[in-house]
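# Secondary and tertiary structure notes
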Amino acid sequence: MAVCSLSGAPGVTSLATAIAACWPSTPLTVPVLVEADTSGGDVASWHGIDPGVRKGLVSLAAASRTPLPVSVAAEVWTEAGVADASAASAPVLNHAVELPGGLRVVAAPADPLEAGRAVAMLARNPALLRTGRATVMDVGRAVPGSAGAALIRHADIVVVVTDPGDVGHANRLRVCAPTLASLKEDGTRVGLVVAGACPHPDREISQVASGLPVWAHIPHDPTGAALVRGEHRPPGRRRDRLAAWWSQRRDPDSLEWMPLIKAAKSLAELCDDFSGLGLDSKIERAVEASVA
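Presented here is a report on the structure given in the accompanying data block. (Residues numbered from 1 in each chain as written. Predicted model: local features only at pLDDT ≥ 70, side-chain atom pairs only at ≥ 80, totals over all residues. Heavy atoms only, no water.)

Check the secondary structure of the chain and you find twelve helices and eight strands. Put simply, the chain has 292 residues, and 48% of those count as buried. Within the chain, residue pairs in contact and separated by at least 24 positions form 74% of the contacts whose partners lie at least 6 positions apart. (Helix = DSSP H or I, 4+ residues; strand = E, 2+ residues; numbered from the N terminus. Buried < 20%, exposed > 50% of the residue type's maximum accessible area, 1.4 Å probe, protein only. Contact = heavy atoms within 4.5 Å.)

Now the structure itself:
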């Protein structure tokens, strides 16, 4: 799965991180976030990952040039007594670090030149990325003709974050929509996520975007964005405090009072259940995550 934008990056990394963190996981299905942004990564800085750690996007790209061994299911490794069966069956996890809370992340270097070379190499050799059962790629800004745009052609699902309320974003979406729609011809499921307040209805946005469906709405959520950056920030707005209080009365561990987390969980569950997303207009539906 790839998460990207067409003009700037309106919360792409935050959304991709939240989706990976909310992805339904099992002992044999370990979600992993791959930061494949050619402009350089942020996750390592957000979470204080030691720059000396040799795991990350660069090591993943280097390993992608080596032919993959014969694939063996995680269940087989488990029966054989291998301790980390998920990593044995999904070599992409060998290049990930584990963040507090358990999310596995393949972080990109901050240097755009280094990150760009790594993404270009992965775009040419994407097989290693497919070894993960739930790999979420943060592609950042996927400009047509770029390494990031080449990489998303290997994804099963592409989520495009856009802000149609902004004239520049709306125009870029209109111009690039035919290219995005062409991905569906290769079997890729493509949908839109509308960031921020948007005065236009979903049907109108979809018409501008060559019929691509709107899968989710994500309002401005500084508390949720701070959470995925590894910062603890109590809700500041009155409506956020009320939502947090009401949610925690029902489930003390719930974070779904945050619009970003609620939308990310819905998207993760939707994408985990492939049921023809983006292929049949009868089952296209938006994930409404807006809060009053």
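Let us now look at the environment of Ala-62. Mapped onto the elements, Ala-62 comes out in helix H3 (residues 57-63). Separated by 59 residues in sequence, Ala-62 and Met-121 have C-alpha atoms that sit 7.8 Å apart.

To continue, consider the state of the cysteines. The full count for this structure, using the stated rule, is zero disulfides. The cysteine Cys-4 is free of any disulfide, with Cys-176 supplying the nearest cysteine sulfur at 9.7 Å. Relative accessible area serves as the criterion here: at 0%, Cys-4 is assigned to the buried category. (Disulfide = S-S within 2.5 Å.)

This part takes up helix H6 (residues 112-124). An α-helical turn contains 3.6 residues, so a residue and the one three or four places further along point in the same direction. Given a rise of 1.5 Å per residue, 13 residues ought to cover 18 Å, and the 18 Å separating the end C-alpha atoms of H6 matches this to within 8%. The complete set of buried residues in H6 reads Ala-115, Gly-116, Ala-118, Val-119, Met-121, Leu-122 and Ala-123. A distance of 3.0 Å separates the backbone nitrogen of Leu-113 from a side-chain oxygen at the start of H6, and that oxygen is part of Asp-111. (Expected span 1.5 Å × (residues − 1). Polar contact = N/O pair within 3.5 Å; in protein donor to acceptor, adjacent residues only side chain to side chain.)

Another aspect to go through is the pattern of salt bridges. Under the definition given, this model contains four salt bridges. Among the ionic pairs, Arg-153 bridges to Asp-186, the shortest N-O distance being 3.6 Å. With a gap of 33 residues between them, Arg-153 in the loop between helix H7 (147-152) and strand E6 (157-162) and Asp-186 in the loop between helix H8 (167-182) and strand E7 (189-195) connect regions that are remote in the sequence. A residue is classified by how much of its surface remains accessible, and Arg-153, at 41% relative accessible area, is partly exposed. (Salt bridge = Lys/Arg side-chain N within 4 Å of Asp/Glu carboxyl O.)

Glancing now at the pairing of strand E1 (residues 2-5). Burial of E1 is two-sided: the residues Ala-2 and Cys-4 facing one way and the residues Val-3 and Ser-5 facing the other way are all buried. Across four bridges, E1 lies against strand E5 (residues 135-141) in parallel orientation. Its bridge partner being in E5, Cys-4 is matched across the sheet by Gly-140. In the sheet, E1 pairs with E6 via four bridges, with the strands oriented parallel. Across the sheet, Ser-5 pairs through a bridge with Val-161, a residue of E6. (Pairing = 2+ DSSP bridges.)

This brings us to the packing of helix H1 (residues 12-22) against helix H12 (residues 259-272). Look at H1 against H12: their axes get within 8 Å of each other, and the N-to-C directions meet at 60 degrees. Relative to H12, the element H1 is oriented oblique. The two elements H1 and H12 cross, and the hand of that crossing is right-handed. Contacts between H1 and H12 involve Ser-14, Leu-15, Ala-18, Ile-19 and Cys-22 from the former and Leu-260, Ile-261, Ala-264, Lys-265, Leu-267 and Ala-268 from the latter. Tallied by class, the residues present in the contact of H1 with H12 amount to nine nonpolar, one polar and one charged. (Axes fitted to C-alpha atoms, helices over the stretch in contact; angles between N-to-C directions. Parallel < 35°, antiparallel > 145°, perpendicular 65-115°, else oblique. Left-handed = near helix turned anticlockwise from the far one by under 90°. Nonpolar A, V, L, I, M, F, W, Y, C, P; charged D, E, K, R; others polar.)

The subject of this paragraph is the side chain of Ser-14. Position of Ser-14 relative to the elements: it lies in helix H1. If near-sequence neighbours (up to four positions away) are discounted, Ser-14 is found in contact with Trp-46, Ala-225, Val-228 and Leu-260.

Take the sheet that holds strand E8 (residues 214-218) next. Taken together, the eight strands give an open sheet; going across it, the order is E3-E4-E2-E5-E1-E6-E7-E8, and neighbouring strands pair in mixed fashion. Strands at the two margins of the open sheet, each flanked by one partner only, are strand E3 (97-98) and E8. As paired elements, strand E2 (residues 32-35) and strand E4 (residues 104-106) share three bridges and run parallel to each other. Each residue of the ladder has a partner; that of Val-32, found in E4, is Arg-104.

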